[in-house]
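# Notes for the structure review
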Amino acid sequence: MQRFDIQQFLSMALTEDVGAGDITSDLVVPPQSTARFVFRARQSLVVAGLEIIPLIFGMIDERTRVNLDAEDGAKLDAGAKLATIEGPARALLMGERVALNLLQHLSGVATLTRTYVDAVAGTSARISDTRKTIPGLRALQKYAVKAGGGQNHRMGLDDGILIKDNHLVLAGGITAAVTAAKSQASLLMRVEVECDTLAQVDEAIMAGADIILLDNMDINTLKEAVTRAKAKNIATEASGNVTFDTVRPIAETGVDVISIGRLTHSAPAVDIGLDRE
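All of these numbers come straight from a predicted model, not from anything done at the bench. (Residues numbered from 1 in each chain as written. Predicted model: local features only at pLDDT ≥ 70, side-chain atom pairs only at ≥ 80, totals over all residues. Heavy atoms only, no water.)

## Looking at the pairing of strand β5 (residues 81-88)
The line we're drawing: Partly exposed residues are those whose accessible area sits between 20% and 50% of the maximum for their type, while under 20% is buried and over 50% is exposed, using a 1.4 Å probe and protein chains only. Note on conventions: DSSP H or I runs of at least 4 residues are helices, E runs of at least 2 residues are strands, and numbering of each starts at the N terminus. Strand pairing follows a simple DSSP-based rule, namely that at least 2 bridges must link the two strands.
With six of its eight residues buried, β5 lies for the most part within the structure. As paired strands, strand β1 (residues 34-41) and β5 are joined by seven bridges and run antiparallel to one another. For Arg36, the partnering residue across the bridge sits in β5 and is Glu86. Sheet topology places strand β3 (residues 65-68) next to β5; four bridges connect them, and they run antiparallel. When the sheet's bridge partners are listed, Val66 is paired in β5 with Ile85.

## Regarding the packing of helix α1 (residues 6-18) against helix α3 (residues 52-60)
To describe two helices that pack against each other, one gives the angle between their axes and the distance between the axes. The condition is simple: The axes used here are C-alpha line fits, helices contributing only the stretch in contact, and every angle between their N-to-C directions lies in the interval 0 to 180 degrees. In these notes the angle categories are as follows: under 35 degrees is roughly parallel, over 145 is roughly antiparallel, 65 to 115 is roughly perpendicular, and the rest is oblique. What makes a crossing left-handed is the near helix being turned counterclockwise from the far one by less than a right angle; a clockwise turn instead makes it right-handed. We call two residues in contact whenever any of their non-hydrogen atoms come within 4.5 Å of each other. Each residue is assigned to one of three groups, with Ala, Val, Leu, Ile, Met, Phe, Trp, Tyr, Cys and Pro labelled nonpolar, Asp, Glu, Lys and Arg labelled charged, and all others, Gly among them, labelled polar.
It is the contact of α1 with α3, at a shortest axis distance of 10 Å, that shows an interaxial angle of 60°. Classed by the angle they form, the pair α1 and α3 counts as oblique. Where α1 crosses over α3, the handedness of that crossing is right-handed. Residues Ile6, Gln7, Leu10, Ser11 and Leu14 of α1 pack against Ile52, Leu55, Ile56, Met59 and Ile60 of α3. Residue composition of the contact of α1 with α3, by class: eight nonpolar, two polar and no charged.

## Looking at the sheet that holds strand β12 (residues 272-276)
Reading across from one edge, β3-β5-β1-β12 is the order of the four strands in this open sheet, with antiparallel pairing throughout. Whereas interior strands pair on both sides, the edge strands pair on one side only; in this sheet they are β3 and β12. Neighbour to neighbour, the strand axes of the sheet diverge by 20° on average, direction disregarded.

Shown next as structure tokens:
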């Protein structure tokens, strides 16, 4: 997968927001004015994306100075300072919205992730993201998941073998798909296959799957599937409509990983302000 270029991404974000220039600031803010602002949490949150702030303002004006008052992954209370910026006032106003948009969104992902991680504390289950991300933001969103204590699933289609339902239809079933994948994959590449029923779990075990994705199973079926897989030392992943109310019972079945799409596709932005200090 092509490496994520943060500088290119931020340049596009600034171009989108600023266009030919900040007309309002140019008209009402004296050109030699300087200012000092503080990014402050307005609710309890887990912060992510702080390292982006100096990059944004540095791209606008090299005279800006940023001091980070927290670290990504920290759980902060309302009122906590996240970062302090100072420099030419026009430059600070020009970067304000892009910085806040990214900081609020990524911290929202990290905050939501932490609630799920805390909900399964004491079990062996790990919380993971999926590929259900906003196009162009995947690398940053997955970074935020890690800041929240979760782990990353595949970064892209070239990052692992995951045989899903449509693959099974086109390949001719679980046995045929797993056999084909294992016969051609790298020795170090594990093969994961999605199963909806216990009969499919049994077939995946017999076919030699390394990991079984247990999709949208009720708790009793999930528990039995985990038991059968573990008896053969096969890792398990649970997915499908995982909510805050169901994640703990799912974890208590003994599943190894719980993948949750809502960590990235439905995380609400947290409230962070930029205030004059």
